[in-house]
Amino acid sequence: MSAELIAQLHQRGVFKLGEYVLKSGQKSPIYIDLRELITSIKILRMAALALCDIIKKNNVQYDYIVGVPYAALPIATLVCDILDAPMLLRRKEAKSYGTKKLIEGKFEAGKRALIVEDVVTSGQSIYETVEILRKEGLVCTDVVSVLDRQQGGVDQLKKQDINLISVITMSDILDYMISINEITAQRKTEIIDQLATPFIATGAENGIPTDWRIQSRYETTQNALNRRIMEIILKKETNLCLAADYTSTEEILKIADLAGPHICALKLHADIIKDFSPSFVKTLATLAESNDFVVFEDRKFADTGKTMELQISEGAHTISSWAQMVTVHSTPGAASIKPFKQFVGKEGSKLLGCLLIAELSTEGTLTKDDNYKKGTVKMAQDNKDVVAGFICQKRVASDPTFLYWTPGVNLDASTDGSGQQWRTIHQAIVEEKNDVIIVGRAITGHADPVAQLKRYKEAGMEALVARDN
Ligand code: 5BU
């Protein structure tokens, strides 16, 4: 059954050879995205049947079946259907209303829960699920997965008394690729060796300290903007940046006043404001000072050095006279950074630093390209005095001296229908390892923005603490 599954997956182009960076930041010579499974119910069923097969063959005992969220949920559902077994659902975030339960479904403490996973790398996601189930009193000792990438998952889980059985292993896939002359036996050995090399997801590769806690980073940062932001995060316990995308100064000042206690930064698009004026930025600066937040202009500079120099200091907005931070595209190359350096510490300029845009949140963005991101990171690394960090979707560098800011966050919706892609705070912070969440319409478009500000502030900080402890 597993041989047929491998052949079917291969036919669909699920195995991709190349140079990939996994969620953990680890490099991988092969990428296998089993999420493509769900677009073919036939293959999904085949995988589910194979899972049922190993459950029976190995006489795995269970009272309930639980999928590791989210990718394994459809397959866990099919497994339950085939075995006629009761399913429980693990939530990634507790609901903010009602029962706040982390496990949905009826269960009795002391009974056995069997975990279903699609792909196992280090076993970390499985362990997170097991921990939650165990906290609820369920007995959790067995996991079945479709694919084991052979990256130490089995051993890591063993240490936690969890037994993992998989339908297919990376070796099986590579053997299949050898059999159809896609790779050589030598290449297989190289790939298996590379995957088995222990990985520390931290920056140790660059000899950089590996502590990601804001407190430690605050103590060592050399960058003026990061010092300011981290100081606020620690003092006000908020990693929330509000995107105040209103077109009138009245609305912006109103939300700035309400948001003040809950945010570390207020982000503007000055060019969408109808009645922008020097008195507006003056009032905003007073609010920022009394509430302790940073004023951020999301200008996304991308031009010749000279033009950007004029754009930041002249024209209707004279951005450097009021914004403490701005966004800059890396596309112009070295010109991206130079003009901004001279404004940090310059008389009459409020600029403390900038963020480079490594990856946009929009559907179909061309910034997904790995070389683009690498080039952006290199540019930042060479200019740490002015570049404080990145706008990204996943932490783009293993370097804790930068801060990673991420837009595309909404707890109640996944898209605005105009190309914006939203995901949850847990995903943005815990899974994708960003530091600051940039949230707009989830707050500004809500009937009760203050309640939302509190909700996003609390969830943002909770995720940050959970990620680093
Ligand atoms: P939203 O309402 O939460 O979608 O607002 C997100 C804000 O972040 C908005 O001001 C965008 O212009 C900004 N943004 C973004 O959404 N995605 C990006 O990749 C970048 C900026 Br860069």
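It should be emphasised that the depicted structure is a prediction, and the values quoted were computed from it without experimental measurement.

Visitor: So what's going on with the site of the ligand? Residues and values would help.
Guide: By nearness alone, 17 residues border the ligand, and Asp245, Lys267, Ser361, Gln420 and Arg441 come closest of all. One of the side-chain nitrogen or oxygen atoms of Lys267 is found 2.8 Å away from an oxygen atom of the ligand. Within the side chain of His269, an N or O atom sits 2.8 Å from an oxygen atom of the ligand. Among the secondary structure elements, those contributing two or more residues to the shell around the ligand are β11 (294–301) and β16 (436–439). Looking at the shell around the ligand, its residues break down into 8 nonpolar, 4 polar and 5 charged.

Visitor: Pulling in residues and values, what's your account of the sheet that holds strand β3 (residues 64–67)?
Guide: The strand order β5-β4-β3-β6-β7-β8 describes an open sheet built from 6 strands, whose pairing is mixed. At either margin of the open sheet sits one strand with a lone partner, and together these are β5 (103–104) and β8 (163–169). Where β3 meets strand β4 (residues 87–90), 2 bridges bridge the pair, whose relative direction is parallel. Counterpart to Ile65 in the pairing with β4 is Met87. The strands touched by helix α1 (residues 2–11) are β7 (139–148) and β8; relative to β8, the strand with the most contacts, the crossing angle is about 60°. Across the sheet, helix α2 (residues 41–57) touches β6 (112–120), β7 and β8, and the angle it forms with β7 is around 135°.

Visitor: Let's hear about the UniProt feature "active site" (unreviewed entry) in the protein: which residues, and what values?
Guide: Following the UniProt record, one finds the feature "active site" (unreviewed entry) at Asp298, Lys300 and Asp303. Among the residues examined, Asp298 registers a relative accessible area of 10% and is labelled buried. Apart from the residues lying within four places of it in its own chain, the contact partners of Asp298 are Lys267, Leu268, His269 and Thr327. A polar contact is formed between the side chain of Asp298 and the side chain of Lys267, at a distance of 2.7 Å. You can see Asp303 is positioned in the loop between β11 and α12 (305–313). Taking the relative accessible area as the measure of exposure, Asp303 reaches 32% and is therefore partly exposed. Those residues in contact with Asp303 that sit more than four places away from it in its chain are Met308, Gln311, Pro332 and Ala335.

Visitor: I'd like a description of the environment of Glu462, backed by residues and values.
Guide: Residue placement: Glu462 occurs in helix α17 (residues 449–468). On the accessibility criterion, Glu462 (60% relative accessible area) is exposed. Residues Glu462 and Ile425 lie 37 residues apart in sequence; the distance between their C-alpha atoms is 9.5 Å.

Visitor: Any details on the UniProt feature "domain: Orotidine 5'-phosphate decarboxylase" (unreviewed entry) in the protein? Residues and values, ideally.
Guide: Taken from the UniProt record, the annotation "domain: Orotidine 5'-phosphate decarboxylase" (unreviewed entry) applies to residues 239–456. Here residues 239–456 runs as 32% helix and 18% strand, with 9 Å between its end C-alpha atoms.

Visitor: Before we move on, can you summarise unusual backbone geometry with the specific residues and values?
Guide: In this structure, Tyr70 follows Pro69 across a cis peptide bond, with omega equal to -10°. Looking at the element boundaries, Tyr70 is found in the loop between β3 and α3 (73–83). Of note in this structure, Asp161 is not a glycine but carries a positive phi near 60°. By secondary structure assignment, the location of Asp161 is in the loop between α5 (153–159) and β8. For Asp161, a relative accessible area of 60% puts it in the exposed group. The phi angle at Asp292 is positive, at roughly 65°, despite the residue not being glycine. Mapping Asp292 onto the fold places it in the loop between α11 (278–291) and β11. Here Asp292 falls in the buried class, since its relative accessible area comes to 13%.

Visitor: If you had to explain the packing of aromatic side chains to someone new, which residues and values would you point to?
Guide: Following the criterion strictly, the structure yields 7 aromatic pairs and no others. Ring geometry for Phe390 and Phe402: centres 5.0 Å apart, planes at 70°, overall edge-to-face. Here Phe390 is found in strand β14 (residues 387–391), whereas its partner Phe402 is found in the loop between β14 and β15 (403–406), with 12 residues between them in sequence. For the residue pair Phe390 and Phe402, the accessibility class agrees, reading buried in each case. The lysine or arginine in question, Arg227, covers the ring of Tyr218, its NZ or CZ lying 4.5 Å from the ring centre. The ring centre of Trp212 lies 3.3 Å from the NZ or CZ of Arg395, which sits over that ring.

Reading guide: rules and limits
- Residues numbered from 1 in each chain as written.
- Predicted model: local features only at pLDDT ≥ 70, side-chain atom pairs only at ≥ 80, totals over all residues.
- Heavy atoms only, no water.
- Near = heavy atom within 4 Å.
- Polar contact = N/O pair within 3.5 Å; in protein donor to acceptor, adjacent residues only side chain to side chain.
- Helix = DSSP H or I, 4+ residues; strand = E, 2+ residues; numbered from the N terminus.
- Nonpolar A, V, L, I, M, F, W, Y, C, P; charged D, E, K, R; others polar.
- Pairing = 2+ DSSP bridges.
- Contact = heavy atoms within 4.5 Å.
- Axes fitted to C-alpha atoms, helices over the stretch in contact; angles between N-to-C directions.
- UniProt positions renumbered as here; feature names shortened; annotations may be inferred.
- Buried < 20%, exposed > 50% of the residue type's maximum accessible area, 1.4 Å probe, protein only.
- Phe/Tyr/Trp six-rings, centres within 6.5 Å; stacked < 30°, edge-to-face > 60°.
- Lys NZ or Arg CZ within 6 Å of the ring centre and 35° of its normal.

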